[in-house]
Amino acid sequence: MADKDAGGSDGPRETAPTSAYSSPARSLGDTGITPLSPSHIVNDTDSNVSEQQSFLVVVAIDFGTTSSGYAYSFTKEPECIHVMRRWEGGDPGVSNQKTPTTILLTPERTFHSFGYAARDFYHDLDPNEAKQWLYLEKFKMKLHTTGDLTMDTDLTAANGKKVKALEIFAYALQYFKEQALKELSDQAGSEFENSDVRWVITVPAIWKQPAKQFMRQAAYQAGLASPENSEQLIIALEPEAASIYCRKLRLHQMIELSSKAAVNGYSGSDTVGAGFTQGDKYVVVDSGGGTVDLTVHQIRLPEGHLKELYKATGGPYGSLGVDYEFEKLLCKIFGEDFIEQFKIKRPAAWVDLMIAFESRKRAAAPDRTNPLNITLPFSFIDYYKKFRGHSVEHALRKSNVDFVKWSSQGMLRMSPDAMNALFKPTIDSIIEHLRDLFQKPEVSTVKFLFLVGGFAEAPLLQQAVQAAFGDKCRIIIPQDVGLTILKGAVLFGLDPAVIKVRRSPLTYGVGVLNRYMEGKHPPEKLLVKDGTRWCTDVFDKFISADQSVALGELVKRSYTPAKPSQLVIVINIYSSEHDDVSFITDPGVKKCGTLRLDLTGTSGTAVPARREIQTLMQFGDTEIKATAIDIATSKSVKVGIDFLNY
């Protein structure tokens, strides 16, 4: 079979090799990799049944871009899902089951408060004092937008100061952990231990592996689970959670948008599941604050198991896009220089203005005719006059922005058209993305479309989706649409094996050496060592983009240390969005992580001359996992698969 390197020839970018060896062009005889065939084996043992019993309760945390919350269910009565207690200090016109994802740190950078409490405290600070405090909101998007996410990635607080993202995420998760344990203890009348809880944290399905691993690290730092006890924490994908919940809905728990309300003759006690026939396909559109995630599932009855039909797609088209358009509008009226200054000099007033906008944003509707008034904070009006030397009213008259007027009560008066225009770019992106998805053959026979997530409450989005796709499938909105993911995540924590088949979002593999074949391999890849002709940089594919993988299905490879004495093997993992990859140097192929085999402590008395370390990788779960054994001794080998610190 092929001899193979572990260093990956990335050219000059790798100054000091991260592994114990350098690239194959410089030194050979590194780890021999023997791709065994068959490389797929299905693991039939249902490992998650036995460990299930040890947790008394499942707590799911929906860590959203704009709002967050938790829900739980005792494993003894899984049918009963409790959504967390009501929060203090809600906003008018916004239901309080979830709390804003906002966090406040003291000037000394210690945790102060979260949610409404953080917002209200920050708001009441004296402006000069407020500049010292660190207030963060909508920070989850940073994990989606950062291409080279690491444990050291920074976030910027409202006052412009930088803080470590990992710390903020850990503080937030720790806050939820404490709140949930306190509520559980109050309910049970006795102290609830963290070890009694299986935690579930939701993330967007379109998040890449590093962002999922980042969430897991933050959860370890917050004490929800530990690397030794990693099973205690499950990462759930938001639209999957929504999907699990939607298939259990009863008819009175949903609103059907389509006028085709000949509801196929089900009675009110039926679930949609009863409306589901064997093999029905449906799309879940999870539109939240930051991202929109699209998942396509097929249901297998009678168990209601789900199978993913097409890899998760979507993008940063959440309701934040509407806030961003509003900010652009303010820049157009008052000048970008002023808005930038105002945000830094009066951070609390800026937060106030965005809260005022939020409540009017929720009042936008396709058939609205009367204007929407947005109160400008006094310090905005005051600071503008100091900054420009003329009034806000003057700026509005001069700006030529149609549809936005000044009202004498100190408000911006927006016509419904002006508000609708702020929604348009985001909604257009969502519709366009859905159109692309419906072009795919796997999606053409979809019967239902579920609209879920906080942004699904927007009548403008509902109307746009209905107009574009109402003739293709039945469009359904669960009644408590903002809590769909939260409740589904609890169900997922109770039975993680409910999703039987997923699709890999990317092609994954490693670089190997193969015997050089004249005419088949390019001459620049030829490498001669000890008289043998090798072809370098060959991409050994573990799994292809959009390939179906069953839960528990394993990809199997064997690796051999270069020298018997070698204690650590580090193998670079590469990924690509395309599935026709031949070499790790092909365009679009990126190094995305490492597989690290730690052989210390596995060597018995007699180590065979050629050790074979068999590695099993799982791609069918919400995270990529790996295990390994030393074939000679049948001992398990410590294996780390890392997409963050490589």
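Predicted model only: the values in this text are computed from it and were never measured. Counting from 1, residues in each chain are numbered in the order their sequence is written. A pLDDT threshold of at least 70 governs which residues receive local features in this predicted model, and a stricter bar of 80 or more applies before side-chain atom pairs are shown or counted, although totals over entire chains, interfaces and linings include all residues. Water and hydrogen atoms play no part in the side-chain values, which are based on all heavy atoms of the structure.

### Details of the sheet that holds strand β20 (residues 411–414)
Here is step 1 of the chain: Taken in spatial order, the 3 strands of this open sheet run β18-β20-β19, and their pairing is antiparallel. Each edge of the open sheet is held by one strand with a lone partner, namely β18 (372–375) and β19 (404–407). Averaged over all pairs of adjacent strands, the angle between their axes in this sheet comes to 30°, without regard to strand direction.
Here is step 2 of the chain: Paired strands, in this sense, are two strands between which DSSP finds at least two bridges. Put simply, DSSP marks the helices as runs of H or I at least four residues long and the strands as runs of E at least two long, and each gets a number from the N terminus on. Here β19 pairs with β20 via 4 bridges, running antiparallel. Orientation is described by lines fitted to C-alpha atoms, with helices fitted over the stretch in contact, and by angles between N-to-C directions that extend from 0 to 180 degrees.

### Some words on the pairing of strand β30 (residues 590–598)
On any regular strand, side chains alternate: one points to one face of the sheet, the next to the other face.
Here is step 1 of the chain: Think of it in three bands: residues with accessible area under 20% of the maximum for their type are buried, residues over 50% are exposed, and the middle band is partly exposed, with areas taken using a 1.4 Å probe on protein chains only. Most of β30 is tucked away: 7 of the 9 residues are buried.
Here is step 2 of the chain: In terms of strand pairing, strand β29 (residues 568–576) meets β30 through 8 bridges, oriented antiparallel. Within β30, the position partnered with Tyr574 by the bridge is Lys591.
Here is step 3 of the chain: Note that β30 and strand β33 (residues 635–642) share 5 bridges and pair antiparallel. Among the inter-strand pairings, Leu597 is bridged to a residue of β33, identified as Val639.

### So, the sheet that holds strand β9 (residues 134–137)
Here is step 1 of the chain: If you trace the 3 strands from one edge of the open sheet to the other, you get β8-β7-β9, paired in antiparallel fashion. Looking at the sheet topology across the chains shown, the edges are occupied by β8 (111–114) and β9. With direction set aside, neighbouring strand axes in the sheet form an average angle of 20°.
Here is step 2 of the chain: The pairing of strand β7 (residues 102–105) with β9 spans 4 bridges and is antiparallel. Its bridge partner lying in β9, Leu105 is registered against Leu134.

### Comments concerning the packing of helix α9 (residues 320–334) against helix α10 (residues 336–345)
Here is step 1 of the chain: Contact geometry of α9 with α10 gives a least axis separation of 7 Å together with a crossing angle of 120°. In terms of axis orientation, α9 runs oblique to α10. Along its contact with α9, which presents Glu327, Leu330, Cys331 and Phe334, the element α10 presents Glu336, Asp337, Phe338, Ile339, Glu340 and Lys343.
Here is step 2 of the chain: Here the residues of the contact of α9 with α10 are counted per class, giving 5 nonpolar, no polar and 5 charged. Small angles under 35 degrees read as roughly parallel and large ones over 145 as roughly antiparallel, with 65 to 115 read as roughly perpendicular and the rest as oblique. In this description, contact between two residues means that some pair of their heavy atoms is separated by no more than 4.5 Å. Three classes are used: nonpolar for Ala, Val, Leu, Ile, Met, Phe, Trp, Tyr, Cys and Pro, charged for Asp, Glu, Lys and Arg, and polar for all others, with Gly counted as polar.

### With respect to the side chain of Glu238
Here is step 1 of the chain: Here Glu238 shows up in helix α7 (residues 238–246).
Here is step 2 of the chain: Residue class for Glu238 comes out buried when judged on its relative accessible area of 6%.
Here is step 3 of the chain: The contact partners of Glu238, leaving out residues within four places of it in the chain, are Asp62, Phe63, Lys140, Thr202, Val203, Pro204, Asp286 and Ile485.

### Side note on the environment of Asp196
Here is step 1 of the chain: Counting through the fold element by element, Asp196 comes out in the loop between α5 (165–188) and β12 (197–203).
Here is step 2 of the chain: Distance in space between the C-alpha atoms of Asp196 and Gln232 is 9.3 Å, their sequence separation being 36 residues.
Here is step 3 of the chain: For Asp196, the residues in contact, after removing those within four places along its chain, are Phe55, Leu56 and Val57.

### Things to note about helix α12 (residues 378–388)
Because the α-helix completes a turn every 3.6 residues, residues three or four places apart line up on one side.
Here is step 1 of the chain: Listing the buried residues of α12 in full gives Ser379, Phe380, Tyr383 and Tyr384. The arc that holds the buried residues of α12, viewed along the axis, is 130°, so those residues lie on one side. Seen from the open side of α12, the exposed residues pointing more than 90 degrees away from its buried face are Phe378 and Lys386.
Here is step 2 of the chain: Residues of α12 that are buried sit in contact with α9, α10, α11 (347–361) and α13 (392–398).
Here is step 3 of the chain: Among the residues trailing α12, Gly389 stands out with phi positive, at a value near 80°. Starting at the helix axis, one direction is taken to each C-beta atom, and the arc is that of these directions.

### Side note on the nonpolar core
Here is step 1 of the chain: Residues Phe169, Val283, Phe326, Phe334, Leu434, Leu449 and Phe450 are the most contacted members of the largest nonpolar core, which totals 149 residues.
Here is step 2 of the chain: With 13 residues, the top contributor of residues to this core is α5.
Here is step 3 of the chain: Those residues in contact with Leu434, other than ones at most four positions away along the chain, are Val283, Val285, Leu294, Leu449, Val465 and Phe469.
Here is step 4 of the chain: In plain words, nonpolar cores are sets of buried Ala, Val, Leu, Ile, Met, Phe, Trp, Tyr and Cys residues tied together by side-chain atoms within 4.5 Å. If you look at the next biggest cluster of nonpolar residues, it comprises 29 residues, including Tyr516, Phe583, Phe619 and Ala626.

### A closer look at the environment of Gly511
Here is step 1 of the chain: Topologically, Gly511 is positioned in strand β24 (residues 507–515).
Here is step 2 of the chain: On the basis of relative accessible area, Gly511 is assigned to the buried category, the value being 4%.
Here is step 3 of the chain: Counting along the chain gives 26 residues from Gly511 to Asp537, while the straight-line C-alpha distance between them is 5.2 Å.

### Structural notes on α5
Here is step 1 of the chain: Its 24 residues give α5 an end-to-end C-alpha distance of 34 Å, which sits within 8% of 34 Å, the value for a rise of 1.5 Å per residue.
Here is step 2 of the chain: Just downstream of α5 lies Gly189, where phi reads positive at about 75°. Take the number of residues in a helix, subtract one, and multiply by 1.5 Å to get its expected span.

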